[in-house]
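# Chain and residue survey
The chain contents come next:
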Amino acid sequence: MPWSHKSERAPEAAATDEDQLSLIPAWSVILAVAVFIAIQYLFQVVMPHHRHEMIPMRILMGYSWGTALATYVLLVGYVSRDVKRRNMSAGLWMLVVIVMPGGIGAVVYFLLRQPILSRCPHCSTEITSGIHFCPQCQFQVAPVCGRCFRGVQITDVYCTQCGHDLAEDQAPARLRVYSD
């Protein structure tokens, strides 16, 4: 079955996708299902049935509008949780996402949202995920190449940018390359 195959992507990427989906709250999922069912009821029951040749069009329009509005409700639920995770003003961004027409508010949110901050394990300063050294205490929080000082993966043996042997670097024990 297509849904039972293991993903060929890296496990950390799959975990990130699952974390993103878990941000959609249960109230948003329930409301999205209710909106989809209400739209189907509107197009199939409430609308007049004078012309039977229009039934395929009503079915198509019902599914299209139901899917679009249900997706919008899920998006509002996602933004309601994501905005708190990024330490942004929840009330302001929910207002922008709901009030701006046609999903423009959601596009604006995704363009302007702040990066997720983490804490330095040494001094507890808030830092972004792309930082390799803490700006307050110079604590190395991510592995870097000793020659070009670009970020590398913890499992890399050689730098992907300059080819430097990472085992020669005097990296902290917690950031050393794993080798066999």
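Residues numbered from 1 in each chain as written. Predicted model: local features only at pLDDT ≥ 70, side-chain atom pairs only at ≥ 80, totals over all residues. Heavy atoms only, no water.

## Quick look at helix α4 (residues 90-99)
For the record, the criterion: Each residue's exposure class comes from its accessible area (1.4 Å probe, protein chains only) as a fraction of the maximum for that residue type: buried when under 20%, exposed when over 50%, partly exposed otherwise. Each helix corresponds to a stretch of at least 4 residues labelled H or I by DSSP, and each strand to a stretch of at least 2 residues labelled E; elements are numbered beginning at the N terminus. Each C-beta atom gives one direction from the helix axis, and the arc is the one those directions make. Polar contact is defined as a pair of N or O atoms within 3.5 Å, subject to the rule that within protein one atom must be able to donate a hydrogen and the other to accept it, and that residues adjacent in sequence are counted only when both atoms are side-chain atoms.
Among all positions of α4, only Trp93, Met94, Val96 and Val97 are buried. For α4, the angular spread of the buried residues around the axis is 160°, confining them to a single face. Exposed side of α4, more than 90 degrees from the buried face: Gly91, Leu95 and Val99 are the residues found there. Residue Ser89 occupies the N-cap position of α4, its side-chain oxygen lying 3.5 Å from the main-chain nitrogen of Leu92.

## Quick notes on unusual backbone geometry
Despite not being glycine, Asn87 shows a phi value in the positive range, around 55°. Given a relative accessible area of 56%, Asn87 falls into the exposed group. Of note, the phi angle at Ser124 is positive, near 65°, even though the residue is not glycine. By the element assignment, Ser124 lies in the loop between β1 (117-119) and β2 (126-128). For Ser124, a relative accessible area of 43% translates into the label partly exposed.

## Section: the nonpolar core
Nonpolar side chains tend toward joint burial in soluble globular proteins. Put simply, the rule reads: Residues belong to one nonpolar core when they are buried, are Ala, Val, Leu, Ile, Met, Phe, Trp, Tyr or Cys, and are joined through side-chain atoms within 4.5 Å. Here, two residues are considered to be in contact whenever any of their heavy atoms come within 4.5 Å of each other.
Within the largest apolar cluster, twelve residues are counted, these being Leu23, Val76, Tyr78, Val79, Val83, Met88, Trp93, Met94, Val96, Val97, Ala106 and Tyr109. Within the residue set of this core, elements represented by two or more residues are α3 (55-85), α4 and α5 (104-112). Sequence-distant contacts of Trp93, that is, excluding residues within four places in its chain, are made with Val83, Met88, Val108, Tyr109 and Leu112.

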